[in-house]
Amino acid sequence: MNIFCLGISHHTAPVGIREKLWFSAEEIPAALESLREQYMQELVLISTCNRTELYYIPRNTGWNGTPLWKILRDYKTNTEEVNEAHFYSLSAKDAVQHLFDVASGTDSMVLGDVQILNQMKEAFTLAQEHHCTGTLMNRLFHTTFHVGKRARAETEIGEGAVSVSYAAAELASKIFGDLTKRTALLIGAGETGMLTAKHLTSHNLGTLLLTNRTRSRAEELVSQLGGRVVDFDRMTNELPLVDIVISSVDAPTHILSAGDIRQAMKQRGNKPLFIIDIGVPRNVDPAVNQIGNVFLHDIDALNHIIDQNLAHRKAEIPKIEQIIRDELEQFQLWHDGLQVTPTIQQLREQFELIRHEEVGKHLHHFPTDKQEEIEILTKRIVNKILHTPMVNLKTGDNESGNDETRAKVSIVRSLFGLDKKQRS
Amino acid sequence: MRTLISVIEIILPVFYFSTIWAYARAFFSGVKTAESLKTPLLFSTVVLHFLYIIFRTTEYDHPPITSVFEILSLIAFTIAVVYTFIEFKTKNTSTGYFILIIPFFFQIISSLFIKENSEVPALLRSNLLGFHVTSALLGYAAITISAVYGFLYLMLYHNIKSSQFGLIYNRLPNLEMLERMSFTATVFGFLLLTVAIVVGLVWMPKVFGNIPYTDPKLFGTIAIWLIYAVGLTAKKVARWQGKRIIVLSLFGFAIAMFSMTIINIFLSGFHKFF
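Worth saying up front: this structure is predicted, and the values here are computed from it rather than measured.

1. Remarks on the overall build of chain A
Here's step 1: Broken down by element type, chain A carries 16 helices and ten strands.
Here's step 2: At 32 Å, chain A has a C-alpha radius of gyration far larger than the 22 Å of a compact globule built from 424 residues.
Here's step 3: With respect to the three principal axes, the spread of C-alpha positions in chain A is 115 × 45 × 35 Å.
Here's step 4: Across the 424 residues of chain A, 35% fall into the buried class.
Here's step 5: For chain A, restricting intrachain contacts to residue pairs at least 6 apart in sequence, the fraction spanning at least 24 positions comes to 71%.

Here it is as structure tokens:
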């Protein structure tokens, strides 16, 4: 298989190096076209925050000896620190397997990452638009997307929250179900709290209230997240109206006491209340969790959810590996089939050439009215001679293992010198 | 026809077993094939059970209420039907195992021990009694399902409260959904029990002449009805929610079970027919 991969990822390079070799959607087309004109028949360039990878089929000629990693590096500026050790290079089956691993999410920084498949689709579309793909790359990437789809449909590799903010949003959905009629109060402007609020709004949260010691900061957040501002000193007045509280404040003492919550629960008719305390030290009195219908969770509880989800995703890896093995075998079979058809074609052409030459030399020895019969007879002889080998090659393509098919194709090509004739 | 009835008696528990197996595999192991098979299996089982009841009623010329084992089969059917309705209404299929295991056991017992009575009292051939019993059983089935959902709610509630995020947390529907499913089943059960009580009160004087107002069965039934009436009123008017209303519902279920078993078997005078 004449497929190669050159790449740099979170496994081989820190973020400071990866970001130097990151190609934006605007930069990729120029790199693709240049590489195609000079070095490659087909190629796809994938560039994300965690990896930049080039999948390609090289041209037979035109390579000037400069290592490809340098060629790729030199498309970007300020890359003196990027060196060969940051790259990995794979070929043939290994390159294809790696591509499948990436698509399935098992090679991602966060196991089971679902974003990567869309990023790969975008990269492939860009390559197609710039005429950088052909039969092999098209088939390879369609198979890759199929692997990604199967991984997500047939396993639970992408399920469960694996970040604190997403775990908090998931927990909210486990308590309330439908969030469209719910109100959340974000206390503080910490990053995790903001991300949690973002996740909740992406889950169709009804209303978002924001409060911060510095009102102007809260107003800034409103412009990013939507919702409305509440005075920090009066936030306990809002508690009866709120279903979810996200607290992410730097404070030496608790900002919400058990008394505050008990009072709020009385006023809200004891409806369930979910409090996420991301503050360190904790912002909410732990005694709050003793109150009926109040669910208080801190950062440890959320990390516990994440650990369990990650363990569950890891347990799905063997299923993914089986899917990849199956698809790799199918792809290999198809790839080998590409060899069988041209081989048969070349063999026919070679025999026909010999027949034509020999008949041409000796046809004048036969009466004119017999010459057509000679043509037909010799063609039939050639067809009969070739029939059994052709059938065996084609049948072998469907039923034998890949190795046997490749061996047969290789022997036929060698015995009849097809590769020499192809080059000349 | 009797051969067909006998055959169905054997295969019906097998259908129930296949159904709960599919629901269990989907819930505990996340098997995708089981996920896609479980609802069709449930539907097939319910249809088969319905046909069984029709065939029995037609062949033996009375509704299947003349023995404990007939009643058990009827209870199994009503639970399966009510669960199917709730699954259809809420579009949530994850809790089937916890509900359908009850009809499975009831039907196995019924299939093992059921036999046709050679003499059935004319009393038990009454259509009005049949209607009373069916609506009562449907009502109790719904209350049972409500209790199972209430129990699942409490399990998930405590798991979330105590930061236990295992299988129960991952696979059960959310608390709001469980409460809604429990409430839907309660309303269904309460309405049907009301119908059963009204029909019973209409039918009783025709058979017994005087209504035995001091019979423990009547007290038990009224107590159950009142508990659920109070609960529904508390939810609607006083807006009781969450754990409080669920606990009340489970209390009502406990009284209902007491009435159906202890009172019916040992204490009631007029409510014994076989």
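2. Remarks on unusual backbone geometry
Here's step 1: Cis peptide bonds are those with omega within 30 degrees of zero, and the linkage from Val280(A) to Pro281(A) qualifies with 0°.
Here's step 2: Mapping Pro281(A) onto the fold places it in the loop between β9 (273-277) and β10 (294-298).
Here's step 3: A positive phi angle, close to 55°, is found at Ser163(B), a residue other than glycine.
Here's step 4: Along the polypeptide, Ser163(B) turns up in the loop between α5 (127-161) and α6 (167-171).

3. Focus on the environment of Ile86(B)
Residues and elements named next belong to chain B.
Here's step 1: Mapped onto the secondary structure, Ile86 falls in helix α3 (residues 68-90).
Here's step 2: In sequence terms Ile86 and Phe17 are 69 residues apart; their C-alpha atoms lie 20 Å from each other.
Here's step 3: With sequence-adjacent residues up to four places away left out, Ile86 is seen in contact with Ile145, Met181, Thr184 and Ala185.

4. Notes on the domain arrangement of chain B
Many analyses report the size of an interface as the accessible area lost when the parts associate.
Residues and elements named next belong to chain B.
Here's step 1: Partitioning chain B into domains gives domain 1 (1-125) and domain 2 (143-274).
Here's step 2: Residue-level contacts link 18 residues of domain 1 with 16 residues of domain 2.
Here's step 3: Of all the elements in the fold, those that place two or more residues in the side of domain 1 that touches domain 2 are α1 (2-29), α3 and α4 (96-113).
Here's step 4: It is α3 that contributes the most residues to the side of domain 1 that touches domain 2, six residues altogether.
Here's step 5: When the residues that make up the side of domain 1 that touches domain 2 are grouped by side-chain class, the tally is eleven nonpolar, six polar and one charged.

5. What about the pairing of strand β5 (residues 183-187) of chain A?
Residues and elements named next belong to chain A.
Here's step 1: Burial of β5 is extensive: four of the five residues sit out of reach of the surface.
Here's step 2: Following the backbone out of β5, through helix α8 (residues 191-202) and into the adjacent parallel strand β6 (residues 207-211), one traces a crossover that is right-handed.
Here's step 3: Here β5 runs beside strand β8 (residues 244-247); their pairing, made up of four bridges, is parallel. Directly across from Ile187, in β8, lies its bridge partner Ser247.

6. A short note on the sheet that holds strand β3 (residues 51-58) of chain A
All names here are of chain A.
Here's step 1: With antiparallel pairing, the four strands of this open sheet are ordered in space as β2-β3-β1-β4. Across the chains shown, the open sheet's two edge strands, defined by having one partner strand only, are β2 (40-47) and β4 (88-91). Going across the sheet, the axis of each strand differs from the next one's by a mean of 15°, ignoring polarity.
Here's step 2: By the bridge criterion, four bridges tie strand β1 (residues 4-9) to β4 in an arrangement that is antiparallel. Paired with Gly7 across the bridge in β4 is Tyr88.
Here's step 3: Its contacts with the sheet place helix α4 (residues 92-104) against β1, β3 and β4, and it is angled at close to 115° to β4.

7. Points about the interface of chain A and chain B
Here's step 1: Each partner contributes residues to the interface: chain A has 21 residues there, and chain B has 16 residues.
Here's step 2: The residue makeup of the side of chain A that touches chain B, split by class, is six nonpolar, ten polar and five charged.

8. Some words on α3(B)
Here's step 1: Between its first and last C-alpha, α3(B) extends 33 Å over 23 residues, near the 33 Å set by a 1.5 Å rise per residue.
Here's step 2: Within two residues after α3(B), Lys91(B) carries a phi angle of roughly 60°, on the positive side.

9. Things to note about the nonpolar core
Here's step 1: Core analysis: the biggest nonpolar cluster contains 115 residues, and Ala172(A), Ala184(A), Ile275(A), Ile79(B), Val82(B) and Ile145(B) have the highest contact counts within it.
Here's step 2: In terms of residue count, the dominant contributor to this core is α5(B) (18 residues).
Here's step 3: Setting aside its immediate chain neighbours within four residues, Ile275(A) contacts Val245(A), Ser247(A), Val284(A), Val288(A), Val294(A), Phe295(A) and Leu296(A).
Here's step 4: Ranked by size, the runner-up nonpolar core spans 45 residues in total, among them Ile46(A), Phe87(A), Val96(A) and Met137(A).

10. Examining the sheet that holds β8(A)
All names here are of chain A.
Here's step 1: Read across the open sheet, the six strands follow the order β7-β6-β5-β8-β9-β10; overall the sheet is parallel. Two strands lie at the open edges of the sheet, namely β7 (228-229) and β10, each paired on one side alone.
Here's step 2: Each of β8, β9 and β10 touches helix α7 (residues 164-176); the most contacted strand, β9, lies at about 165° to it.

Rules used throughout
Residues numbered from 1 in each chain as written. Chains lettered and ligands numbered in written order. Predicted model: local features only at pLDDT ≥ 70, side-chain atom pairs only at ≥ 80, totals over all residues. Helix = DSSP H or I, 4+ residues; strand = E, 2+ residues; numbered from the N terminus. Rg over C-alpha atoms; globule rule 2.2 N^0.38 Å. Buried ≥ 20, exposed ≤ 12 C-beta atoms within 10 Å, placed from the backbone. Contact = placed C-beta atoms within 7 Å. Domains from an automatic or database assignment. Nonpolar A, V, L, I, M, F, W, Y, C, P; charged D, E, K, R; others polar. Right-handed = clockwise from strand over helix to strand, strands pointing away. Pairing = 2+ DSSP bridges. Axes fitted to C-alpha atoms, helices over the stretch in contact; angles between N-to-C directions. Expected span 1.5 Å × (residues − 1). Core = buried A, V, L, I, M, F, W, Y, C linked by C-beta atoms within 7 Å.

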